[in-house]
Amino acid sequence: MCGIVGYYGPKDPKEVIVNGLRALEYRGYDSAGVAILHQGEFKRVRAEGKLVHLEERLKEEVFDGHLGIGHTRWATHGLPIERNAHPHCVDGVSIVHNGIIENYAELRESLRAQAVNFQSDTDSELVAHLIAQQIKVGKNLLSAVLEVLPQLEGAYSILAVSKDQPNEMVAFKYGPPLIVGLASDATLVASDIQAIVPHTREVIFLEDQEVAHICGSQVQILDSRGEERSRTPVHIDWTQERAEKQGYPHFMLKEIFEQPRAVAQALAPHLDLENHRVKLKVELEESFLQSLERVFIVGCGTSFYAAMAGEYMIEGLARIPVEVEIASEFRYRNPILPANSLVVVISQSGETADTLAALRLVKEQGVRALSICNVPNSSIDREAQAHLYMNAGVEIGVASTKAFVSTLALLNLLAISLAKAKSGGELKAEPDLVQGLLSLPSHMETVLVHEKFFAEAAQTLKSFRGFLYMGRGINYPIALEGALKLKELAYMHAEGYAAGEMKHGPLALIDSEMAIIMLAPKDGLYEKTLSNLEEAKARGGQIISIGSGDDERLRQLSQHYLALPQTHWMMMPLLEVIPLQLLAYHVAESLGHDVDQPRNLAKSVTVE
Ligand code: M6R
């Protein structure tokens, strides 16, 4: 989604802003722009497409001012073309905006009635007009913003500047994140901590309906009526992991290979290695866990598929009923949340708008919410009452990989902890389960060896008409995840199916141009999965099967058989997903796609 960077300080704003936007590139965008003070006016430079195009245009530009704002835009209203790129500048006012102004049509009509001419098709430009109108009637930038705020509906974070106040910025938000960074001689505003940490670790996370008034290096936080609020900056303990590919051609491939480490880091805080026990470090009392009657798990995209796998783990091991739901459905269906429930919200970024809204709804109903996030201090992390951290390290590729396996590792721990709580603190299988978890990183290393196969097979695979991913039980959500990866990276038709559903429709799709990816580890459903595989083979499907250990039957049924190490059924998904990620990566790469930033997608989905 869109990225915002603003800077006031002694350094060259062009450098600081462009570097900041580069740190936000991973979020996904389709145009970029800056507006920086020069000779008392904001000089605007914008470009379609990647940041390099903007940098090219900025090469010869010099700016003598010390204030500037920049933006990477992920199109919502209006095509991703230069005219619609931010900043939007009207009569000396420049703004950048992340989110959606929902009463856009109404505001546009009212401005049109006042003979306002529009330069773009965006909802964002309207905000610049509204602020500029207030300044025209004598308001300063801050009062103009306070006047405009009640007119805006929707989800937004906005940073505004005015040429009349050359050392001021006003930032305000309702929804998408906005962070103020306080350096000794400079002030920054950004939508993401990554753009701030190179300059300072002292930050203020703006709350919804708060306004930050930055005047030089003084920062005042106000509520939407203009009343001052006392906010103490927080120190961010965040070692900035440089966005470097370290020799890999893409961040995604690097992140796939980082998965063993990600899992080890997710598990480490919660394992008592001496006694082979799980000691979940989370703010949920034992008595609460013991009395727990229902678990809900909510997320979007890959996080939702992790949630589905979590359902199999918790129901299978702890025998507590689990309901899993896509956040965008959950938030609007008025869910019934009984007392003695726990809602787990999963979000890598911690900023997904629907998941955040689901969390808020849960809290309103007085039910406990546990977040599983990768980004500490993200909105979801800050608002949840209990927290588990993926500890996967910064994930840059838009396609989620290492965050997924880290989440699966945490869900294993949660299932074990709930099972223990339910059985009065003792779980016979615990030491074996812990041993299984400890072996995961080395098992994952051995699975990564299959990379060579997919690198070679990609040329053949990319010519298939479609892909059907199938599995049963806990392998089913992994089939869904495999299909999602191929869709988002290779833009090819791929479907995930519960293998038992094949006869109920998808069997009609199968012919020699259809690739079947079958997940068939030796678990309780192995024989049934093999029957489904026979059915697919009989219709001429081209089969790649992924199973556990040496499996001659699977080998016979498949064009290619990939053997994974055998482990506990709850842990197989962490191994199975790796070949599926590699398949999607290599097919997309061989098609010449932008693997790290697939078309139309964003890393952090801060609008619904
Ligand atoms: O940051 P989140 O985990 O909340 O993101 C949820 C989805 O947007 C995300 O998983 C998306 O589906 C990924 N691009 C999948 O690779």
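Residues numbered from 1 in each chain as written. Predicted model: local features only at pLDDT ≥ 70, side-chain atom pairs only at ≥ 80, totals over all residues. Heavy atoms only, no water.

1. Examining helix α4 (residues 124-136)
Given 3.6 residues per turn, any residue in an α-helix points the same way as the ones three and four places further on.
Reasoning step 1: Compared with the 18 Å implied by 1.5 Å per residue over 13 residues, the 19 Å span of α4 between its first and last C-alpha is a close match.
Reasoning step 2: Tucked inside the fold, the buried residues of α4 contact β5 (88-90), β6 (93-101), α3 (104-113), α5 (141-148), β7 (154-162) and β8 (168-174).
Reasoning step 3: G138 occupies a position one or two residues after α4 and carries a positive phi of about 105°. (Helix = DSSP H or I, 4+ residues; strand = E, 2+ residues; numbered from the N terminus. Expected span 1.5 Å × (residues − 1). Contact = heavy atoms within 4.5 Å.)

2. Describing the sheet that holds strand β24 (residues 494-498)
The pairing of strands in a sheet happens through backbone hydrogen bonds and is either parallel or antiparallel.
Reasoning step 1: A sheet is described by the order of its strands in space; here 5 strands give the open sequence β24-β23-β25-β26-β27, paired in parallel fashion. Each end of this open sheet is capped by a strand with a single partner; those strands are β24 and β27 (560-564). Geometrically, the sheet is characterised by an average inter-axis angle of 15° between neighbouring strands, direction not taken into account.
Reasoning step 2: Alignment of strand β26 (residues 542-548) against β27, held across 5 bridges, turns out to be parallel. Residue S548 lies in a different strand from β27, and its bridge partner there is L564.
Reasoning step 3: Lying on the sheet, helix α17 (residues 526-538) is in contact with β25 (514-520) and β26; it crosses β25 at an angle near 170°.
Reasoning step 4: On the sheet, helix α19 (residues 572-590) packs against β23 (466-471), β25, β26 and β27 and is oriented at approximately 140° with respect to β27. (Pairing = 2+ DSSP bridges. Axes fitted to C-alpha atoms, helices over the stretch in contact; angles between N-to-C directions.)

3. As for the site of the ligand
Reasoning step 1: The environment of the ligand is formed by 15 residues, the closest being S303, S347, S349, T352 and E488.
Reasoning step 2: Taking V398, its main chain carries an N or O atom lying 3.1 Å from a nitrogen atom of the ligand.
Reasoning step 3: K485 is positioned with one of its side-chain polar atoms (N or O) 2.8 Å from an oxygen atom of the ligand.
Reasoning step 4: With the chains in place, 90% of the 420 Å² that the ligand exposes on its own is no longer accessible.
Reasoning step 5: Broken down by secondary-structure element, the contributors of at least two residues to the shell around the ligand are α9 (301-318) and α16 (475-490).
Reasoning step 6: Counting contributing residues, the shell around the ligand receives three or more from each of domain 2 (252-440) and domain 3 (449-590). (Near = heavy atom within 4 Å. Polar contact = N/O pair within 3.5 Å; in protein donor to acceptor, adjacent residues only side chain to side chain. Areas by Shrake-Rupley, 256 points an atom, 1.4 Å probe, with all protein chains shown as cover. Domains from an automatic or database assignment.)

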